[in-house]
Amino acid sequence: MILHPFLLFAGNAHQVIEFYCQALGLTCTFKNTYENSPIKVPSSQKQWILHSELSFNNQPFLMIADVDSTESGNKISLSLNFRNLDEMKQKFQYLSFKGKITKPIERQFWKAHYGELKDQFGVYWMFNCQNKIS
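Everything numeric in this text was worked out from a predicted model, so none of it was measured.

A.B. asks: Just checking my understanding: could you explain the environment of Q45 for this structure?
C.D. replies: The topology assignment puts Q45 in the loop between β2 (27-33) and β3 (49-56). For the pair formed by Q45 and L24, sequence separation is 21 residues and the distance between their alpha carbons is 27 Å. Not counting the four nearest positions on each side in its chain, Q45 is found in contact with Y34 and D68. Reaching out from Q45, the side chain makes a polar contact with the side chain of D68 at a distance of 3.0 Å.

Right under this line is the structure:
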């Protein structure tokens with residue numbers, strides 16, 4: 001079994017996809033709009049994303065879509081685990097742009113560096129980099 005997080009947004013999925021691809025080095029491998037489906041939507045929503053797939057290292061990583069009513073990023077946190085602290089700090093800074101750092105990256109008792117943020121789209125992210133702390 002494989003879990004793929006699926007994030008729902010209210011009309012700004014195009015922007016979210018572009019941002020996450022840049023911030024995390026992802027590739028959008030599939031993107032379909034409501035216009036290309038049999039689902040009836042108002043004309044203002046025809047360009048909304050019905051389904052998209054973002055990949056990392058040629059593996060599915062994250063799904064994103066627009067829906068008519070939702071609280072973007074509501075009730076979920078996504079956890080990113082790194083092996084390289086510098087890479088983690090870079091991604092953390094990028095995702096925090098126009099967002100809010102809720103817990104700065106700091107050394108933790110479980111022998112890792114850890115931080116949390118809420119990005120500009122309301123999605124909560126946890127960052128963890130396991131390392132040896134002397």
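A.B. asks: Hey, could you run me through helix α1 (residues 13-24) in this one?
C.D. replies: Helical geometry note: an α-helix holds 3.6 residues per turn, so side chains three or four residues apart project in the same direction. In this model α1 runs 16 Å from its N-terminal to its C-terminal C-alpha over twelve residues, within 8% of the 16 Å that 1.5 Å per residue would give. Residues of α1 that are buried: A13, V16, I17, F19, Y20, C21, A23 and L24. One or two residues past the end of α1 sits G25, with phi positive at roughly 70 degrees.

A.B. asks: Can you walk me through the sheet that holds β3 in this structure?
C.D. replies: The strands that make up a sheet pair up through hydrogen bonds in the backbone, lying either parallel or antiparallel. On the basis of which strands lie adjacent, the open sheet formed by four strands has the order β1-β4-β3-β2 and mixed pairing. At either margin of the open sheet sits one strand with a lone partner, and together these are β1 (6-9) and β2. Between one strand axis and the next, the sheet turns through 20 degrees on average, direction left out of account. Note that β2 and β3 share six bridges and pair antiparallel. Along β3, the bridge assignment pairs T27 with S55.

A.B. asks: Teacher, can you tell me more about the pairing of β1 here?
C.D. replies: Where a strand is regular, its side chains alternate between the two sheet faces. Burial along β1 is one-sided: L7 and F9 are buried, while F6 and L8, pointing the other way, are not. In the sheet, β1 pairs with strand β4 (residues 59-66) via four bridges, with the strands oriented parallel. When the sheet's bridge partners are listed, L7 is paired in β4 with I64.

A.B. asks: Help me out: how do you make sense of the pairing of β4 in this one?
C.D. replies: With five bridges joining them, β3 and β4 adopt antiparallel strand pairing. Across the sheet, L54 pairs through a bridge with L62, a residue of β4. Hairpin connection of β3 to β4: two residues between the antiparallel strands, including N57 at a positive phi of 50 degrees.

Rules and cut-offs
Residues numbered from 1 in each chain as written. Predicted model: local features only at pLDDT ≥ 70, side-chain atom pairs only at ≥ 80, totals over all residues. Heavy atoms only, no water. Helix = DSSP H or I, 4+ residues; strand = E, 2+ residues; numbered from the N terminus. Contact = heavy atoms within 4.5 Å. Polar contact = N/O pair within 3.5 Å; in protein donor to acceptor, adjacent residues only side chain to side chain. Expected span 1.5 Å × (residues − 1). Buried < 20%, exposed > 50% of the residue type's maximum accessible area, 1.4 Å probe, protein only. Pairing = 2+ DSSP bridges. Axes fitted to C-alpha atoms, helices over the stretch in contact; angles between N-to-C directions.

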